[in-house]
Amino acid sequence: MSSEELAGWLRLTLTSGVGNDAARRLLAAFGLPQAIFEQSDSALRQLLTPAQVKAVQTEPPGLSALLRTTQDWLAAQADPALGGRMIVTLGDPAYPLSLLATDDPPLMLYLLGQVQALAPQSAHQRSPVIEPTETSDGRGDAANGWPARAIAMVGSRNPTPQGAENARQFARSFSAAGLTVVSGLALGVDGAAHDGALSAWPDAATADPSGRICTVAVIGTGIDRVYPRQHHELARRIARQGLIVSEYPLGTPPLAANFPKRNRLIAGLSQGTLVIEAALQSGSLITARLTSEQGKDVFAVPGSIHNPQSRGCHALIRQGAKLVETAQDVLEELRWPATVIAIESEAASADATCARGTLDTEDEVLRALGSDPVGLDALLARTGLDTPRLQARLLELELDGHVARLPGGLWQRMARA
């Protein structure tokens, strides 16, 4: 992309009062952004309001500085372990086809990571005249390198220990089966999902030699920022083995309004969405709704009726989302075959489940815990143990990963997805 072309796209995205819908009308009528800014007042008035026309004819403040920053970012010699840098626009052959089929595809996407996997579908640039598109071969984005089999995983930013573990184990199984896990790099379920997908590839220092993008993080800031800060190292790992995606210009801070908006990209880049834990007012339900509106499958993991973080999932199930207990449930529903790697993973999981089952039958504290969070007083009554012995046993089980300590003095038995 030339400097003039990049400046045109940046100016279009920065123009006040001209959103993606109006911008697409302009692109459809006049072609590339440079041509839009050369149009007469009367030509623009055919498509825009007078206020929008005035905005289009005025160069946005800060455009020159942003252009320099963006060019420097693209030209910077990044750490080889962090992959490459790339910007794709609506007229670019590397633009994900699945997003073109959504109601509001972004004008630009900033990419960091395994961009070499995004091979254009042809040597010719697609027209910037963007209409909802469906591929005829059913391969989704495979034609231009974007994952053809991708599952979104979303959920609470404050999951229970069991919810976080479920997210990690589901994502690991999906990744082992050859699926790309798409999420939002947020705290909680998002971070656990990315971590689980990455853990399925044994060499965390290098990318998958097959070129597969194992996980995609869609962020709500500029791609030169990591939010939350706790996920700096996770973001580095994702860039080594996957892809970080943002529609926002460089330097964009973490603004609250941008995070619900980015959920449409998480849904759009995936063939289905799995909700792990979500409260009734969770942003994860926005992603689930957008997934359903796009005609894709929504899946939800049920939880305890006493857990507020499960109520969103239960509401989705009542509305028609598919209840799932294992990763295989999702694979079968989407009719995606598992690979040998996944089969081996499931076998190992089954062996571990048998071992845990043996422990459950032999350990009176685990039997007393049941499946719901339990307080110490209730456990004392159920087991008949004195307080020192019970606390000692709970500590042993916690260190072994069989139980987790919850806020409010509660304990919960940990299961594996």
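To be clear, the structure that these remarks concern was listed above.
A quick note: this is a predicted structure, and the numbers were derived from the prediction, not measured.

Novice: What am I meant to see in the overall build of the protein chain here?
Specialist: Tallying secondary structure elements over the protein chain gives 18 helices and 12 strands in all. Sorting the 417 residues of the protein chain into buried and exposed places 49% on the buried side. Sequence-distant contacts in the protein chain: of pairs separated by 6 or more residues, those separated by 24 or more amount to 72%. In the structure as shown, the protein chain presents an accessible area of about 18700 Å², 52% of it carried by carbon and sulfur atoms.

Novice: Explanation requested: the packing of aromatic side chains in the structure shown.
Specialist: For any pair of aromatic rings, the description consists of the separation of the ring centres together with the inter-plane angle of the planes. Counted by the stated rule, this structure contains three aromatic pairs. With a centroid separation of 6.4 Å and an interplanar angle of 65 degrees, the aromatic rings of W73 and Y110 are classed as edge-to-face. Of the two residues, W73 sits in helix α6 (residues 63–75) while Y110 sits in strand β2 (residues 108–113), which places them 37 residues apart along the sequence. Assessed through its relative accessible area of 9%, W73 is described here as buried. Residues Y227 and F259 carry aromatic rings whose centres are separated by 5.7 Å and whose planes lie at 45 degrees to one another, so their mutual orientation is tilted. Taken as a pair, Y227 in the loop between β5 (215–218) and α10 (232–241) and F259 in helix α11 (residues 258–268) lie far apart in primary sequence, 32 residues in all. Relative accessible area serves as the criterion here: at 43%, Y227 is assigned to the partly exposed category. Here the basic side chain of R11 rests over the ring of F37, its NZ or CZ set 4.0 Å away from the ring centre.

Novice: Is there a simple way to explain the pattern of salt bridges in this structure?
Specialist: Across all of its chains, the model carries 16 salt bridges by this definition. D104 is paired through a salt bridge with R24; the nearest N and O atoms lie 3.4 Å apart. Note that D104 is positioned in the loop between α7 (97–100) and β2 and R24 in helix α2 (residues 20–30), a separation of 80 residues in sequence. Residue D104 is classed as partly exposed on the basis of its relative accessible area, which comes to 24%. Here K322 ties to D297 by a salt bridge, and the two come within 3.0 Å at their closest N and O atoms. Of this pair, K322 sits in strand β9 (residues 322–323) while D297 sits in strand β8 (residues 297–300), and the two are 25 residues apart along the sequence. The partly exposed category is assigned to K322, whose relative accessible area is 25%. Taking the relative accessible area as the measure of exposure, D297 reaches 23% and is therefore partly exposed. Beyond isolated ion pairs, a larger network of salt bridges with shared partners links D21, R24, R25, D104, E247 and R264.

What counts, and at which threshold
- Residues numbered from 1 in each chain as written.
- Predicted model: local features only at pLDDT ≥ 70, side-chain atom pairs only at ≥ 80, totals over all residues.
- Heavy atoms only, no water.
- Helix = DSSP H or I, 4+ residues; strand = E, 2+ residues; numbered from the N terminus.
- Buried < 20%, exposed > 50% of the residue type's maximum accessible area, 1.4 Å probe, protein only.
- Contact = heavy atoms within 4.5 Å.
- Areas by Shrake-Rupley, 256 points an atom, 1.4 Å probe, with all protein chains shown as cover.
- Phe/Tyr/Trp six-rings, centres within 6.5 Å; stacked < 30°, edge-to-face > 60°.
- Lys NZ or Arg CZ within 6 Å of the ring centre and 35° of its normal.
- Salt bridge = Lys/Arg side-chain N within 4 Å of Asp/Glu carboxyl O.

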